[in-house]
Every structure is written in C-alpha cells, then in structure tokens.
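So the chains spell out like this:
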Amino acid sequence: MNKKTGNCPNFSMRQKTASVLVNKVIDKINKENLKKSNLIWLELTGCSGNIISLLDGADPNFKDLISQMVNFIYNNSLMAAEGEAAIRRLFSVADDDYILAVEGAVTTKDNGIYNIIGNWRGKPVTAYEAIKQLGEKASYVIAVGTCASDGGISAAKPNPAECVGIQSILNKKVIKLPGCPCNPDWFMGTLAYIMLCGEPELDDKARPLMFYSTLIHDICPRRPYFEKGIFASKLGEKTCMFKLGCRGPVTRVDCPITKWNHRVNWPIGDDSPCIGCAQFGFPDKMKPFISYNTTREESK
Amino acid sequence: MDEYKIVIKMFNNQKSKINDTIACLYISSKYHPPKNLIKHLGKKILNIKLLQIIQNTTPNFPMFTQAELTTYNGKNGNPAYIAINGVVYDVTNEATWAAATHFGLSAGKDLTNAFASCHAGQPILNKLKIVGKMADE
Ligand code: HEM
Ligand code: SF4
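All of these numbers come straight from a predicted model, not from anything done at the bench.

## Considering the domain arrangement of chain A
All names here are of chain A. Partitioning chain A into structural domains gives domain 1 (17-212) and domain 2 (216-286). Using C-alpha coordinates to define each centre, domain 1 is positioned 27 Å away from domain 2. Opposite the 25 residues of domain 1 that make contact, domain 2 presents 18 residues. Of the roughly 1,700 Å² buried between domain 1 and domain 2 on both sides combined, carbon and sulfur atoms contribute 57%. Where domain 1 meets domain 2, there are one salt bridge. In this structure, the salt-bridge partner of Asp185 is Arg263, at a minimum N-O distance of 3.1 Å. Where domain 1 touches domain 2, the interface holds eight residue pairs in polar contact (both at pLDDT 80 or more). Mapped onto the side of domain 1 that touches domain 2, the elements with two or more residues apiece are α6 (146-150), α7 (184-197) and α8 (209-212). Class assignment of the residues belonging to the side of domain 1 that touches domain 2 gives a composition of eleven nonpolar, six polar and eight charged.

Shown next, in the form of structure tokens:
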C-alpha cells in the first residue's frame, strides 16, 4: 500500500474484502458445520492464465482455498491424475452439488471440434460438450477471466474457431469475473461469498459489485494529473497516461486497490496504460493499446 | 415540437446552464427556425439578458463538411471531434475517449449510428462541448 492511500478506509477495507470472506468461510467450516463445496475448475479455450494467477494469491492464498475451503475436484493444470482417470474424476461429481469455475472461451465452430479436453469412455470430449453438460447442472457457474466472461482474446478478430463467452451457450446465469487474468481476490472473494450467502449483488453485466463497481480512473493515484492536464508523452513517465490511450476511464474493477503478485504493483503503477483487460469487448474494442501520435501539441 | 418542451422544462427547473441551453436550442434549430423558439421561450423567461446571450451565441457555431471533420481526428496534435445527429462535439479531453478512440471507434467521423447502438436514451451528450454543426451536403 503506498503512503498516500494508507489511511483511506476505501482502500484499506477493500484490500481485505476477499480475505475477510474467505476467513469467515473457513471459520464456519471449522465451527459451524458449513460443508466444503465441491469445486470444478474447467479450462476451455484459453491460456491457463487464470489458474496461474490464482496460484499467486496472497491473503487469501491458494493453499487456504484447497486445504480448508473446497474439495478441489478437477483442474487440468494442477491435478495429479491424467488421461481418462482425470476425466473420470471430472464427471464423478456430476450428480453431486458443485460450483463450476470456468476459464477460457468456448469454441463453437464445427460442433466444438477444435478444442478437445480429454477422452471419456474412448471418445473425445470437446470443451463445448463439457461446459454444456457440467454448466447446466452446476449450482453456480463462475466465468473466471475475460475469455470465459465475454470471449476475450480467444474470440478476437478474425476468431477462426468462433469462440464465445460461456453465457452465450448456457441457459443459466453465469457470474462474470472479467480480467486478463482474473485477480485471485476477485475469484476467492466471490466463491467465499457464494458459500456464505449465495449469489452476490451483481451489476447489469453480472459482475459482482463488491469488486467491479468503480472505474479505475476514479480511484487511480494519477487522477490529479488528469485533472490538471499533465499527460505522459511516452512510457515511463509518472503522470496521467490519457493521451497514450489509457482505458482506465472505461474499465470498472478495483485493481488499483487489490493490485497483483502479493499486492506489489499494477499496470499503471508501473507506468503502462490500462489496456481495459477487464472491460467487455477486450481486446478488439480496447485497441489501440498505445498511441503516440495524438492530440498532444508537438514539442518544439 | 418536443424540443420546445425540453428547453422550457430546463428553465422551469432552474437548472439551466447557459451552455446546456445553447446546446439544446442548437439541436432544436436543426428542425425549427431558432427565432420561433426564442419567441416561444420569451414568454416564459424573465431573464432577458440570458436570451440575448443565446441570440448572440447561436449563430457563431461553425459548419463542418464531412471532409473537414476528418482532419479533427485527434492525431498530429489536432483536436478530436465527432458528429452525432448533425451536431459536432469535442471529445479531445473526454476521459473515455483516450487517444481519440472509444470502443473501436475513432474521432473525425460521423458516428450517429454507432452512438445509437450503445448509448440510445442515455443523457451523456450534454456533458460534451459542442463545437459546430454539420453542413447539409
Ligand atoms: C459514437 C459516439 C460515442 C460517444 C460520443 C460516446 C461517449 C461516451 C461517454 C461520454 C461516456 C462516459 C459516460 C458517462 O460519463 O457516464 C461513454 C461511456 C461508455 N461508452 Fe460510449 N460513446 C460512443 C459510442 C460508444 C459505442 C459504439 C459503444 C459500444 C461499443 C460505447 C460503449 C460505452 C460504454 C460501455 C461506456 C461506459 C463505461 C463504464 O462506465 O462502464 N460507446 N461513452
Ligand atoms: S492514468 Fe489512466 S486511469 Fe489514471 S488518471 Fe490517467 S487516464 Fe485515468
């Protein structure tokens, strides 16, 4: 936390949102018979970035999640089982109660044949079949990251595999946690809230308000430079990056507060403009990510 | 017709800022001769001075052709203008239009249809500065 924001309750309290919720769940599991939830983490057409990001979580961290909060049934990157044994495990809870977290978009072209996630009883299982089958039965579906939420990079032009966000093929509400990748706080906080109280309050795009209500621009430490019209002309300058094409003013999420990698830093804190990775339409609608030839007067 | 009512309502609500009034009047004048509107308003407003300001300011908006508009694309130090329903707005310093781009759109163009596709019914244009009017070509 930097000095300027250290005393602001908006910052200090919001940094604890996820850990307060997770600790409450763990407490209830230990003392009040709250049952651990079954969690399936399905990776469709993506880059595994969200599960890697989750491993980086700190306060709450991934160890708390798998050891004290949930029965982590399936994730293709992390589990020990492989091949058919892994897929058997995936479908083993199909009749139980489970929460489904999904990263990656769904390729729909040619019945989803361009993404096979494994073999089941000798037949290939497409990502499309897996999400259809497991998605409809799950007690909650959480889209983790921008691809699952809205297609994201997987659906960027020209989108040869005809990828879509998972909501487009499911007939039930999908809670969306866009971000490339999703911050561990957003996922663990949302999961913990679901286990305690059910569906959290969502905005009109089904994003939890507790993390996605504020524009980055409205909580950006460089906002005073914006107001005074002091703009960076190249990367590396410490002022407002509006003229370079910063998407903070159209992107709603609390990453200036939660930050990344054990809360060390975030893009704007490292002098790179926000590229709107948590905004619907990313990446195509957020382009260009950087512009040098803009309204700025040429320096003499 | 409805534009009259909107302007009158603005005055009645005492919320009217001169800029809003000019903007509103200006948009209306695409369909109605401004003089009629001012006459109509005159009955309602006691503040003659404001009326004079409106009368004096309205004709000063420059006209843009499509070709002229393209130079205001926010590049090379040029301001960023866009046209919606015949009115030209300045988005140079509008935060959501960083580097003169917004959700895949770029400045220097008539974006009437694009605007309607995402912002229909939202009162966000009145926060933008009006800088002119599109010429009928
Ligand atoms: C064509 C002319 C357009 C203009 C002049 C325009 C202008 C604006 C302005 C002024 C805002 C800020 C609104 C506020 O302060 O409440 C805004 C926000 C926004 N615009 Fe546009 N817009 C245009 C087109 C579009 C299009 C085509 C899309 C959809 C692809 C779009 C999507 C959005 C979204 C999603 C936000 C809100 C971001 C947020 O606060 O979460 N806009 N726009
Ligand atoms: S750097 Fe980006 S988010 Fe921060 S004040 Fe400037 S435009 Fe807004």
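## What to know about the site of ligand 1
As a structural note, the neighbourhood of ligand 1 is formed by 19 residues, with A:Arg252, B:His102, B:Cys118, B:His119 and B:Lys127 the closest of them. Between B:Lys127 and ligand 1, the recorded distance is 2.7 Å, taken from a side-chain N or O atom to an oxygen atom. Secondary structure elements with two or more residues in the shell around ligand 1: β2 (81-84) and α6 (112-119) of chain B. Among the elements that line the shell around ligand 1, the one with the most residues is α6(B), at four residues. Split by residue class, the shell around ligand 1 holds 13 nonpolar, three polar and three charged.

Reading the values: the criteria
- Residues numbered from 1 in each chain as written.
- Chains lettered and ligands numbered in written order.
- Predicted model: local features only at pLDDT ≥ 70, side-chain atom pairs only at ≥ 80, totals over all residues.
- Heavy atoms only, no water.
- Domains from an automatic or database assignment.
- Contact = heavy atoms within 4.5 Å.
- Buried area = accessible area lost by both parts, 1.4 Å probe.
- Salt bridge = Lys/Arg side-chain N within 4 Å of Asp/Glu carboxyl O.
- Polar contact = N/O pair within 3.5 Å; in protein donor to acceptor, adjacent residues only side chain to side chain.
- Helix = DSSP H or I, 4+ residues; strand = E, 2+ residues; numbered from the N terminus.
- Nonpolar A, V, L, I, M, F, W, Y, C, P; charged D, E, K, R; others polar.
- Near = heavy atom within 4 Å.

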